[in-house]
Amino acid sequence: MRTYLVTGGAGFIGSNYIHYMFGKYGNDIRIINLDALTYAGNPENLADIEDNANYTFVHADICDADAVRKIFEENDIDRVVHFAAESHVDRSIKDPGVFVRTNVLGTANMLACARYAWERPDGTYPEDKKFLHVSTDEVYGSLPEDGGYFYETTPYAPHSPYSASKAGSDMLVRAYMDTYHFPANITNCSNNYGPYQFPEKLIPLMINNALLGRSLPVYGDGKNVRDWLYVEDHARAIDLVQEKGRLFETYNVGGHNEKQNIEIVKTIIEVLREELPDDDPRRAHINEDLITYVEDRKGHDRRYAIAPDKIKAEIGWEPETMFKEGIRKTIRWYFEHQDWMEHVTSGQYMKYYEEMYS
Ligand code: NAD
Ligand code: TYD
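Caption draft 1: Fine view of the layout of surface pockets. As a volume, the second largest pocket reaches approximately 430 Å³. Y39, R91, Q348, Y349 and Y352 are, among the 21 residues lining the second largest pocket, the residues nearest its centre. Broken down by element, the residue count for the lining of the second largest pocket peaks at 5 residues, all from helix α12 (residues 348-357). Its residues assigned to classes, the lining of the second largest pocket shows 9 nonpolar, 6 polar and 6 charged.

Caption draft 2: Molecular detail of the packing of aromatic side chains. All told, the structure shown has 25 aromatic pairs when counted by the stated rule. Arranged with centres 5.5 Å apart and planes meeting at 65°, the rings of Y193 and Y230 form a pair that is edge-to-face. Here Y193 is found in strand β7 (residues 192-193), whereas its partner Y230 is found in strand β10 (residues 229-230), with 37 residues between them in sequence. Classification of Y230 by relative accessible area gives buried; the value is 5%. Ring geometry for Y349 versus Y352: centroids 6.4 Å apart, planes at 45°, classification tilted. Here Y349 and its partner Y352 are both found in helix α12, 3 residues apart, which amounts to about one turn of the helix. In this pair, the class of Y349 matches that of Y352, namely buried. Looking at R91, its charged tip hangs above the ring of Y39, at a distance of 3.6 Å from the centre. A cation over an aromatic ring shows up here: R214 above the ring of Y353, its NZ or CZ 5.0 Å from the ring centre.

Cut-offs applied
- Every chain begins its residue count from 1, and numbering advances along the sequence as written.
- Naming scheme: in the order in which they are written, chains are lettered from A and ligands are numbered from 1.
- Thresholds applied to this predicted model are a pLDDT of at least 70 for local features of residues and 80 or more for the giving and counting of side-chain atom pairs; totals over whole chains, interfaces and linings are not thresholded and use all residues.
- With hydrogens and water stripped out, all remaining heavy atoms of the structure feed into the side-chain values.
- Two kinds of site are reported from a 1 Å grid over the protein atoms alone, namely cavities, where a 1.4 Å probe fits but cannot get out, and pockets, open sets with protein on both sides within 12 Å along at least five of seven lines, and residues are called lining when an atom falls within 4 Å of a point.
- Grid points are joined across faces, edges and corners, and a volume is the space filled by probe spheres set on the points.
- Where helices and strands are cited, they refer to DSSP runs of H or I of at least four residues and of E of at least two residues respectively, numbered from the N terminus.
- Each residue gets one of three labels, nonpolar for Ala, Val, Leu, Ile, Met, Phe, Trp, Tyr, Cys and Pro, charged for Asp, Glu, Lys and Arg, and polar for the others, Gly among them.
- Note on ring pairs: Phe, Tyr and Trp rings are taken, using the six-membered ring of Trp, and paired if centres are within 6.5 Å. Classes follow the plane angle, with under 30 degrees stacked, over 60 edge-to-face and the rest tilted.
- Buried, partly exposed and exposed residues are distinguished by accessible area as a fraction of the type maximum, computed with a 1.4 Å probe on protein chains only: under 20%, between the cut-offs, and over 50%, respectively.
- To sit over a ring, a charge needs its Lys NZ or Arg CZ within 6 Å of the ring centre and within 35 degrees of the ring normal.

Encoded structure:
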């Protein structure tokens, strides 16, 4: 039975990935989820599988060498899927230090511990050991509005402390592959959306604000473009890269689904109005009057767009969920899980929200 060590599995993409993997492989795999449970990590995201005998949660920090080594010593880990990171650009602008610590030093520690556990005295590695580093398209910087795509060969040009720290972590993985022949892959994915996303990111923040009748804060002119991918498509891509991808390669993951932020906000309003029952009192306030243009983000990247040609040609991966269907599924999920939203927005969230948007 193959054993996966997933880092950051209590966060948005990590928890969707764990659900996807148990859905696909059932109890033919074991998953150990290593997560520090920062503000972004929520064990509630995995409540339905916490009693599964093939699932283990380890509450630890990826920077903690002893804790990570212990996991490798006590388990024969076959695959590492490394999601754990600080992931929000606005927070990185306010406080870059923790991004360097977690994203750069944490990744360095994960690499060192995996190498220590896996490398043979002659410098080779057992065949089925693989490390997948989950990264972002933001490492490539910003594209002009009128054209161009991010390819795997696009030079890195990060602008925010978040993307710079992710670029640093990618470089460490590349260095391990080049120096030690360490068996790894990197995936650079575009913006994800779907269930369990923390409401500091555009889509869940707008859904939550609209339902509560709060204003919808659009940065700058609202015309920045992101390339949106339904999170389950990302989970499937990660699994396929480990199953069918060539080791040592980077794969860009995205679905040619570019949208301006303002289009996303208007779509959310439209779909919310369609989904709400006729007699729901919230219908009275959910309309475009809620949209408020606010000061732009510092260093705001104008456009991201992935060219997924390589992953499509080599692995046959393509997105399966089109945006219209994905955004409706996402909105329905937030409707059906309002208790989840209430739990994650209690406590520290309001302090963050007030500091960020007041
Ligand atoms: P998230 O912020 O929702 O979750 C991050 C998880 O990592 C949380 O569970 C948190 O508790 C955990 N974590 C943070 N610091 C840790 C530490 N020091 N030790 C152990 N665990 C720690 O993030 P996400 O949106 O799920 O992103 C996951 C990964 O995917 C990140 O590496 C991110 O850069 C990358 N990515 C995200 C997107 C996106 O649109 N969200 C797109 C492309 C790539
Ligand atoms: P976000 O979800 O933070 O992802 P990223 O910055 O990593 O792409 O933001 C997506 C886009 O939405 C980005 O251009 C910034 C914009 N945005 C707003 O206009 N208002 C908001 O309140 C937030 C959180 C984001």
